[in-house]
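Understanding the architecture of this molecule
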Amino acid sequence: MVGILLVSHSSKIAQGTLELVEQMTKGKVRIDIAAGTADNRLGTDAGMIKQKIEKIHSGDGVLVLVDLGSAVMSTELAIEKLDESLRSTTLIADAPFVEGAVVAALEASFGKSLEEVKKLTEDVKKYSKLG
Amino acid sequence: MVNSRELIQILTEINKKLAENKEYLTQLDSAIGDADHGINMSKGFKAVVDRISQMQDKDCGSILKTTGMTLVSTVGGASGPLYGTAFMRAGQVVGSKTELNFDDFVSLLEAALEGIKLRGKAQKGEKTIVDSLEPAVEAIKEHKKQGEAIALKRAVEAAKEGMEYTKKIIARKGRASYLGERSLGHQDPGATSCYLMLKTMVDWITENKGL
Amino acid sequence: MIQRNVKISNKLGLHARPAAEFVEKANTFKSRISVEKDGKKVNAKSIIEILTLGAKYGCSIKITAEGEDEAEAVEALAKLLS
C-alpha cells in the first residue's frame with residue numbers, strides 16, 4: 001500500500017490535517033508528517049523528511065504532500081539523498097495540501113498504485129470547491 | 001590558501017557576522033518575506049559552528065558537507081535547502097583535500113552556485129541569492145589573471161553590486177514573489193546574506209593570509 | 001447494466017466517512033459504477049468526485065453499475081446509503 005507523507009512548514013497544520021485524514025482512513029494507511037524544525041519553529045527539514053520517507057516506505061512507494069515553496073525544495077533534496085530503490089518510488093504530488101492529503105490517503109487505502117494515487121491526488125485541482 | 005583548521009575559523013567568523021546582522025536581515029525579510037531570514041541563518045550557523053568546531057583534523061570536504069547538512073536541518077526556511085545544497089556541493093567538489101588553493105576556492109564557489117540554481121530553479125534577475133553569487137563567481141574567474149587578491153576583491157564588489165541591484169527588480173521566486181510589484185525597492189535578504197558570507201570569507205583570507 | 005435510485009438516509013449525507021466507506025466499497029467491485037445527482041454524473045470509485053457531488057441527507061441519487069458483478073455492486077452500495 002502506498003504510504004503518505006505530509007510535509008508542512010507548520011507542525012500544527014500537519015497534525016491537524018493528519019487528524020482529519022485518519023478520521024477517514026482509520027489507521028489503514030501508513031501516514032506520517034514531517035513538519036517544522038527540530039526546535040519547533042516554522043520551516044522544513046530535509047533530514048527529517050528523508051527519515052520519515054524511509055520509515056513509511058513499504059515497497060509500494062510514498063507520495064508526499066507539500067504546502068508552500070521551500071517544502072518542495074526540502075523534499076526534493078531529501079529524495080535525492082535516498083537510496084536508489086526508494087528514490088524512484090517516492091513522488092511529490094502537485095496538489096493542495098489538505099484536499100490532496102484526503103484524496104491521497106483514501107485512494108492509497110483502496111490499494112491503488114503510486115502513479116494512480118498521484119494522478120488522482122493532482123486531479124483535485126480540477127474540482128471547484130464551491131460546486 | 002586555506003587549510004581545514006582555517007576553514008573552520010572562516011565559518012566561525014561567518015556565524016559571528018550573521019549573528020551581528022540578524023536584525024538587519026530580519027528587517028529586510030519583513031519587507032518582502034516572512035521575517036525570519038536573520039533568525040534562521042543565525043540559528044543555522046550557530047549549529048554549524050557547534051558541529052564543526054571539533055573537526056580540525058578532518059578534510060575540507062567533510063567540513064563543508066557537514067556545514068551543508070546542518071543548515072538543511074536547522075535553518076527551516078528556503079535558505080536551508082538552498083545554502084545546504086550549496087555547501088554540500090562545495091564539499092563534494094573539494095573532497096578529501098585538507099588544504100584549499102585559489103583554484104579550489106573558485107571551483108567550490110562554482111559548485112555552490114550551480115547547486116543553488118538547480119535547487120531553487122532560479123536564474124539571475126529573479127531577486128534571489130543568485131543575484132549576488134553569480135556576479136561574484138563571474139568576477140573571480142574574470143579577474144583571476146590579475147592575481148588572487150584582486151580577483152577576491154572584485155568578487156566581493158560584484159556581490160555587493162548584485163545585492164544592491166535586487167532593489168530594482170521584482171521578485172520572481174519565494175515568498176517575495178507573491179508581492180509582485182510591491183517587492184520593488186526592497187533589497188533581497190538572501191542576496192544580502194550571501195554577500196555578507198562572501199565578504200566575511202574574503203576579509204578573513206585577506207587579513208590572515210597577507211594577500 | 002443495472003440502475004437504482006436511492007434516497008440518502010445517512011444524516012451526514014455522502015460526505016467524509018460515509019463517502020470514504022462508499023468509495024471503498026465501490027472499489028471492491030469489478031464493474032464500472034457511477035452515481036448521478038441532478039444530472040451530474042460521477043465515478044463512484046473516485047473519492048474526489050463523490051465528495052464534490054455534494055449529496056446531502058434526504059436527496060435522491062441514481063447508482064448505475066455495468067459489469068460482471070453489477071447486481072451485487074448496486075445492492076451493496078444501496079444498502080450502505082440506507
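Look above for the structure.
Here goes a summary of the coordinates provided. (Residues numbered from 1 in each chain as written. Chains lettered and ligands numbered in written order. Predicted model: local features only at pLDDT ≥ 70, side-chain atom pairs only at ≥ 80, totals over all residues.)

1. Brief notes about the overall build of chain C
The test is simple: Strands here are runs of E lasting at least two residues and helices are runs of H or I lasting at least four, both read from the DSSP assignment and numbered beginning at the N terminus. The reference for a compact globule is 2.2 Å times residues^0.38; the radius of gyration itself is calculated from the C-alpha atoms. Each residue is classified by how many other C-beta atoms fall within 10 Å of its C-beta atom, where C-beta atoms are placed from the backbone; a count of 20 or more means buried, 12 or fewer means exposed, and values in between mean partly exposed. Residues are defined as contacting one another if the C-beta atoms placed from their backbone atoms lie within 7 Å.
When you go through chain C residue by residue, the secondary structure sums to three helices and four strands. In sequence order, chain C lays out its α and β elements as β-α-β-β-α-β-α. Over its C-alpha trace chain C gives a radius of gyration of 11 Å, about what one expects of a compact globule, namely 12 Å for 82 residues. Out of the 82 residues belonging to chain C, those deemed buried represent 33%. In chain C, once contacts between residues fewer than 6 apart in sequence are set aside, the share between residues at least 24 apart is 70%.

2. Overview of the interface of chain A and chain B
Convention followed: When residues are grouped by polarity, Ala, Val, Leu, Ile, Met, Phe, Trp, Tyr, Cys and Pro land in nonpolar, Asp, Glu, Lys and Arg in charged, and all others, Gly among them, in polar.
Contact residues are listed per partner, giving 15 residues for chain A and 17 residues for chain B. Listed by contribution, the elements that provide at least two residues to the side of chain A that touches chain B are helix 2 (46-56) and helix 3 (69-80) of chain A. It is helix 3 of chain A that provides the largest number of residues to the side of chain A that touches chain B, a total of five residues. Partitioned by chemical class, the residues of the side of chain A that touches chain B number six nonpolar, seven polar and two charged.

3. Some thoughts on unusual backbone geometry
Residue K121 of chain B is not a glycine yet carries a positive backbone phi of 50 degrees. For K121 of chain B, a count of 11 C-beta atoms within 10 Å translates into the label exposed. Phi at D38 of chain C is positive, roughly 50 degrees, even though this residue is not glycine. Mapping D38 of chain C onto the fold places it in the loop between strand 2 (32-37) and strand 3 (40-43).

4. Some remarks on the sheet that holds strand 3 (residues 62-66) of chain A
Residue and element names in this part refer to chain A. Under the convention used in this document: Each pair of strands is called paired provided DSSP finds at least two bridges between the two strands. Here an angle of 0 to 180 degrees is reported between the N-to-C directions of two axes, which are lines fitted to C-alpha atoms, with helices fitted over the stretch in contact.
A sheet is described by the order of its strands in space; here four strands give the open sequence 2-1-3-4, paired in parallel fashion. Edge positions in the sheet fall to strand 2 (31-35) and strand 4 (90-93), since each of these pairs with one other strand and no more. Across this sheet, the average inter-strand angle for adjacent strands is 25 degrees, counted without regard to direction. The pairing of strand 3 with strand 4 spans four bridges and is classified as parallel. By the bridge assignment for strand 4, V64 is matched with I92. Against the sheet, helix 3 engages strand 1 (3-8), strand 3 and strand 4, with an angle of about 155 degrees to strand 3. Seen against the sheet, helix 5 (residues 97-109) touches strand 1, strand 2, strand 3 and strand 4 and runs at an angle of roughly 170 degrees to strand 1.

5. A closer look at the sheet that holds strand 1 (residues 2-7) of chain C
Residues and elements named next belong to chain C. Strands sit in the order 1-4-2-3 across an open sheet of four strands; the sheet is antiparallel. In the strand order of this sheet, the two ends are held by strand 1 and strand 3, each with one partner. For this sheet the average axis-to-axis angle between neighbouring strands, irrespective of direction, equals 25 degrees.

6. So, the packing of helix 5 of chain A against helix 6 (residues 114-123) of chain A
Residue and element names in this part refer to chain A. Operational definition: We call two directions roughly parallel when the angle between them is under 35 degrees, roughly antiparallel when it is over 145, roughly perpendicular when it lies between 65 and 115, and oblique otherwise. Handedness of a helix crossing follows the sense of rotation of the near helix relative to the far helix, less than a right angle counterclockwise being left-handed and clockwise being right-handed.
With their axes 9 Å apart at the nearest point, helix 5 and helix 6 run at an angle of 150 degrees to one another. Between helix 5 and helix 6, the angle is such that the two are roughly antiparallel. Considering only the axes of helix 5 and helix 6, their crossing is right-handed. Of the residues in helix 6, those touching helix 5 at G100, V103, A104, E107 and A108 are E116, V117, L120 and T121.

7. Details of the arrangement of the chains
Between all two pairs of chains that are in contact, chains A and B come out with the most contacts. At the C-alpha level, the nearest point of chain B lies 29 Å from chain C, with no contact between them.

8. Overview of the interface of chain C and chain A
Between chain C and chain A, the residue contacts involve eleven residues of the former and twelve residues of the latter. Mapped by element, the contributors of at least two residues to the side of chain C that touches chain A are helix 1 (16-26) and helix 2 (47-53) of chain C. In terms of residues, the side of chain C that touches chain A owes the most to one element, helix 1 of chain C, which gives five residues. Residues belonging to the side of chain C that touches chain A are distributed by class as follows: five nonpolar, four polar and two charged.

9. Side note on the pairing of strand 1 of chain A
All names here are of chain A. The condition that has to hold: Looking down the strands as they point away from you, a crossover is right-handed if its path from the first strand over the helix to the second goes clockwise.
Across the six residues of strand 1, six count as buried, placing the element largely inside the fold. Neither face of strand 1 is open: one carries G3, L5 and V7, the other I4, L6 and S8, and all of them are buried. Where strand 1 and strand 3 come together, five bridges link them in parallel fashion. Within strand 3, the position partnered with G3 by the bridge is V62. With five bridges joining them, strand 1 and strand 2 adopt parallel strand pairing. When the sheet's bridge partners are listed, V7 is paired in strand 2 with A34. Between the parallel elements strand 1 and strand 2, the chain passes through helix 1 (residues 11-25) in a crossover that is right-handed.

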